[in-house]
Amino acid sequence: MGFFLETLMGGLMTGVLYSLVALGFVLIYKASGVFNFAQGVMVLFAALAMARLSEWIPQWTGLESKVLANVLAFAVAAALMFVLAWLIERLVLRHLVSQPEATLLMATIGIGFFLEGFGQSVFGSNVYNIDIGMPKDPIFVLEGLFEGGILIDSQELVAALIATLLVAALVLFFQKTSTGRALRAVADDHQAAQSVGVPLARMWVIVWFVAGLSALVAGMVWGSKLGVQFSISTLALRALPVVILGGLTSVSGAIVAGLIVGAGEKLSEIYLGPFIGGGIEVWFAYVLALVVLLIRPQGLFGEKIIDRV
């Protein structure tokens, strides 16, 4: 039982990170109707900015405090993501408002390729480290219930807590602030929101910035665990089946689906791997998403497209 719980908890903590990336897809789609295929590259770009700025700021300013350097690097990287959101709205979205969804999708693919090349030119293409002081040593919990306790990776635990705090902050933002309520109105009906004075262009900048901020946190956490390398963009795309499973229009669905996928990957690899071969973690989420698509095309928590017309 103890080993099962160890595997389950490890999967759930990984699932929280999947949810964080999936939220970026869902938020942008809800607010603008754009499926942002560049979200994975945004995670990479944000992580590269965080990693390099945390190195450059002490060199430029003479700071010796690693904590302060990381805080400043995060703030500057967040500002870069805001500028990126503004440029995307100004140079791309406003010119493609009435275009088919396929055109918008291709535009985000182009944005992704540009960010990947631009990030490599500005920040370099080596593997970089983000040191935010996350603990490395594993810890044991529930020693009173199970003999020897349950082993938990403290780094994954801290990463899951950071992701959970951001998700909670996003929920509060959308539920309690006027801007969040305006974004929800835009998500429900663009024309109705615009008719009551909600500025669509500003809302799109905000939602792309929020998606960029979630990408920054995900990139920071993944970079501190694995190092910042260009494979992060493909790793982030593993959140795609999470979006399909939860539904493109559901924030809560992205969260729940991330937990399902994270736990399912780990448990299937451990308990089914010996019987059908290894590598289940690579394809488990995609097969699960395909099964859900066949049964419920809008995802577990998504709404039918006809209901939104």
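From a predicted model like this one, the values you see are computed outputs, not experimental measurements. (Residues numbered from 1 in each chain as written. Predicted model: local features only at pLDDT ≥ 70, side-chain atom pairs only at ≥ 80, totals over all residues. Heavy atoms only, no water.)

1. A few points about the overall build of the protein chain
Each helix and strand in the protein chain was counted, giving 14 helices and 2 strands. Taken over the C-alpha trace, the protein chain has a radius of gyration of 20 Å; the compact-globule value for 309 residues is 19 Å, and the two agree within 12%. Based on the C-alpha atoms only, the size of the protein chain along its principal axes is roughly 65 × 60 × 35 Å. Per-residue burial for the protein chain yields a buried fraction of 48% across its 309 residues. Counting contacts in the protein chain only where the partners sit at least 6 residues apart, residues at least 24 apart contribute 73% of the total. Within the protein chain, the 19 negative side-chain charges are centred at a point lying 12 Å from the centre of the 16 positive side-chain charges. (Helix = DSSP H or I, 4+ residues; strand = E, 2+ residues; numbered from the N terminus. Rg over C-alpha atoms; globule rule 2.2 N^0.38 Å. Buried < 20%, exposed > 50% of the residue type's maximum accessible area, 1.4 Å probe, protein only. Contact = heavy atoms within 4.5 Å. Lys, Arg positive; Asp, Glu negative; His and termini not counted. Charge placed at Lys NZ, Arg CZ, Asp CG, Glu CD.)

2. Points about helix 13 (residues 280–295)
Here helix 13 is 16 residues long and its end C-alpha atoms lie 22 Å apart, about the 22 Å a rise of 1.5 Å per residue gives. Within helix 13 the residues assigned to the buried category are Ile280, Phe284, Ala285, Ala289 and Val292. Along the axis of helix 13, the buried residues cluster in a sector spanning 155°; they form a single face. For helix 13, exposure combined with an orientation more than 90 degrees from the buried face picks out Val282 and Leu294. The inward-facing, buried residues of helix 13 abut helix 10 (240–246), helix 11 (251–271) and helix 12 (273–276). (Expected span 1.5 Å × (residues − 1). Arc of directions from axis to C-beta.)

3. Some words on the environment of Pro100
Topologically, Pro100 is positioned in the loop between helix 3 (66–91) and helix 4 (101–123). As a C-alpha pair, Pro100 and Val34 span 66 residues in sequence and 9.9 Å in three-dimensional space.

4. Re the packing of helix 2 (residues 39–61) against helix 3
Running from N to C, helix 2 and helix 3 cross one another at 140°; their axes reach a closest spacing of 8 Å. Relative to helix 3, the element helix 2 lies oblique. For the pair helix 2 and helix 3, the crossing hand works out as right-handed. Touching Met42, Phe45, Ala46, Ala49, Met50, Leu53, Ser54, Ile57 and Pro58 of helix 2 are Ala69, Asn70, Leu72, Ala73, Phe74, Val76, Ala77, Leu80 and Met81, all from helix 3. Per-class residue counts for the contact of helix 2 with helix 3 are 16 nonpolar, 2 polar and no charged. (Axes fitted to C-alpha atoms, helices over the stretch in contact; angles between N-to-C directions. Parallel < 35°, antiparallel > 145°, perpendicular 65-115°, else oblique. Left-handed = near helix turned anticlockwise from the far one by under 90°. Nonpolar A, V, L, I, M, F, W, Y, C, P; charged D, E, K, R; others polar.)

5. With respect to the packing of helix 11 against helix 13
Between two packed helices, what matters for the description is the angle formed by their axes and the separation of those axes. Remark: helix 11 packs on helix 13, axes separated minimally by 9 Å, with the N-to-C direction vectors making an angle of 130°. Put simply, helix 11 runs oblique to helix 13. The crossing of helix 11 and helix 13 is right-handed. Contact residues: Ile260, Val261, Gly264, Glu265, Lys266, Ser268 and Glu269 in helix 11; Ile280, Glu281, Phe284, Ala285 and Leu288 in helix 13.

6. Quick notes on helix 3
Helix length check: helix 3 (26 residues) gives 37 Å between terminal C-alpha atoms against 38 Å at 1.5 Å per residue, within 8%. Inspection of helix 3 places Ala69, Asn70, Ala73, Ala77, Ala78, Met81, Leu84, Ala85, Ile88 and Glu89 among the buried residues, and these make up the whole buried set. The secondary structure elements touched by the buried residues of helix 3 are helix 2, helix 4 and helix 8 (200–226).

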